[in-house]
Amino acid sequence: WSKDVAPYFIEDARLFLEKKYGAEAVHEKGLRVYTTLNLKQQAIAEKALRNGLHAYDKRHGWRGPVANIIQNPPTLANGLLAGLDTYTHSDWREPLEAGKLVHGLVMDVKADHALVRFGDQTSRVVVADLAWTGKKINEVFAPGDVDLFLIKEIKGETVRVALDQRPQAQGALVAIENSTGAIRAMVGGYDFEESKFNRARQDSRQAGSSFKPYVYAAVLMDGAKPFDTIVDEPISFPSSSGPWSPRNYDGKFTGTVTLLHALAESRNVPAVKLLERVGVDKVIKLCRKFGLT
């Protein structure tokens, strides 16, 4: 089993096994372990999370180059300082492939393009390749910059790339088969080698709208029907710190809606009104039956 395949899932399974059987049994007694992981779904999950984090990060703007070897030249193995023609990056040990993220070295900057080197191959980067930054070529690049690029296409000696950057944000994803509870895919962060903290299993977060189905389940068990209606309108509740007025995410109120519609659109106000109607205690008892603590 490759350490690069589903590392967060495998580590989670290891922790579970050690807790249940002890470290000695897990590491020395040759256990044969069968899991619910689906390799195809896992690959899709990892790609989806990474793409999502990159897209989110880009929406928050360009942060600048990773480094500049002219301003801070690294030392080569022979003790000399690296220059534009002698610099090498560990990413360049592997062949370039479309879809890969690879660091490149900016060799030259013109008004309408920049020349970026990837080992023995050079790419001509134009404004369209960094459109997400909203900046001009010379506002983004300077000779000696080391930047991250997405390899878009390779045709012979021609390499097409797009400027990218390593996300500062983190995320997690779990795919669960509802009918069995089997975990088919799990991604606990952007890069397991960078951070082994599994945000899918070890992090604490607000339940948010994922709690609403439990409220609605209690309401339906109390006799309500999906096409019963409720009024989505301003409302206030007394609290120790003064009146509390729940709001919807979009800041709007939709008037009379069915319970089905209110849940489908995840409206906050109807959910709060339904919670008041059915009673907090009933919802708590139902949550306990689901195993929520």
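This text goes with the structure placed above it.
These remarks concern the structure in this document. The structure displayed is predicted, hence computed values, not measured ones.

What counts, and at which threshold
- Residues numbered from 1 in each chain as written.
- Predicted model: local features only at pLDDT ≥ 70, side-chain atom pairs only at ≥ 80, totals over all residues.
- Heavy atoms only, no water.
- Helix = DSSP H or I, 4+ residues; strand = E, 2+ residues; numbered from the N terminus.
- Rg over C-alpha atoms; globule rule 2.2 N^0.38 Å.
- Buried < 20%, exposed > 50% of the residue type's maximum accessible area, 1.4 Å probe, protein only.
- Areas by Shrake-Rupley, 256 points an atom, 1.4 Å probe, with all protein chains shown as cover.
- Lys, Arg positive; Asp, Glu negative; His and termini not counted.
- Charge placed at Lys NZ, Arg CZ, Asp CG, Glu CD.
- Axes fitted to C-alpha atoms, helices over the stretch in contact; angles between N-to-C directions.
- Parallel < 35°, antiparallel > 145°, perpendicular 65-115°, else oblique.
- Left-handed = near helix turned anticlockwise from the far one by under 90°.
- Contact = heavy atoms within 4.5 Å.
- Nonpolar A, V, L, I, M, F, W, Y, C, P; charged D, E, K, R; others polar.
- Core = buried A, V, L, I, M, F, W, Y, C linked by side-chain atoms within 4.5 Å.
- Patch = residues over 30% accessible without salt bridge, like charges linked within 9 Å, V, L, I, M, F, W, Y side chains within 5 Å.
- Salt bridge = Lys/Arg side-chain N within 4 Å of Asp/Glu carboxyl O.
- Polar contact = N/O pair within 3.5 Å; in protein donor to acceptor, adjacent residues only side chain to side chain.

## A word on the overall build of the chain
Next up, step 1: A count of helices and strands for the chain gives eight helices and 10 strands.
Next up, step 2: Over its C-alpha atoms the chain spans a radius of gyration of 26 Å, topping by over 25% the 19 Å that the globule rule assigns to 293 residues.
Next up, step 3: Taken along the three principal axes of its C-alpha coordinates, the chain extends 75 × 60 × 40 Å.
Next up, step 4: The proportion of buried residues among the 293 residues of the chain is 33%.
Next up, step 5: Put simply, the chain shows about 18,600 Å² of open surface, and 53% of that area lies on carbon and sulfur atoms.
Next up, step 6: Within the chain, one finds 39 positive and 35 negative side-chain charges whose respective centroids are separated by 6 Å.

## Some thoughts on the packing of helix H5 (residues 212-221) against helix H7 (residues 268-278)
Next up, step 1: Two elements in contact, H5 and H7, have axes whose closest approach is 9 Å; the angle formed by their N-to-C orientations is 45 degrees. Compared by their axis directions, H5 and H7 come out oblique. Once H5 is placed against H7, the crossing between them reads as left-handed. Contact with H5, carried on its side by Lys212, Val215, Tyr216, Ala218 and Val219, involves Asn268, Pro270, Ala271, Leu274, Leu275 and Val278 of H7 and no other residues of that element.
Next up, step 2: Residue composition of the contact of H5 with H7, by class: nine nonpolar, one polar and one charged.

## A look at the nonpolar core
Note that soluble globular proteins tend to have their nonpolar side chains buried in a common cluster.
Next up, step 1: In terms of nonpolar packing, the biggest core is built from 25 residues, with Phe118, Phe141 and Phe149 touching the most fellow members.
Next up, step 2: Looking at this core, the elements with two or more residues in it are strand S2 (101-109), strand S3 (113-118), helix H4 (137-140), strand S5 (145-155) and strand S6 (158-164).
Next up, step 3: No other element matches the five residues that S2 contributes to this core.
Next up, step 4: Dropping the residues within four chain positions of it, Phe118 is found in contact with Trp92, Leu96, Val102, His103, Gly104, Ser123, Phe149, Ile151 and Val161.
Next up, step 5: Within the second largest apolar cluster, 15 residues are counted, among which are Ile230, Val257, Leu274 and Leu286.

## Some thoughts on a nonpolar patch on the surface
Next up, step 1: A surface patch of nonpolar side chains, about 280 Å² in accessible area, is lined by Tyr21, Leu31 and Val33.
Next up, step 2: You can see Tyr21 is positioned in helix H1 (residues 7-21).

## Overview of the environment of Thr86
Next up, step 1: Positionally, Thr86 belongs in the loop between strand S1 (67-68) and S2.
Next up, step 2: Each C-alpha atom of the pair Thr86 and Val26 lies 48 Å from the other, and the pair is 60 residues apart in sequence.
Next up, step 3: Once residues within four sequence positions are removed from consideration, Thr86 is found in contact with Leu76, Leu81 and Arg117.
Next up, step 4: Within the structure, Thr86 has its side chain in polar contact with the backbone nitrogen of Gly83 (distance 2.7 Å).

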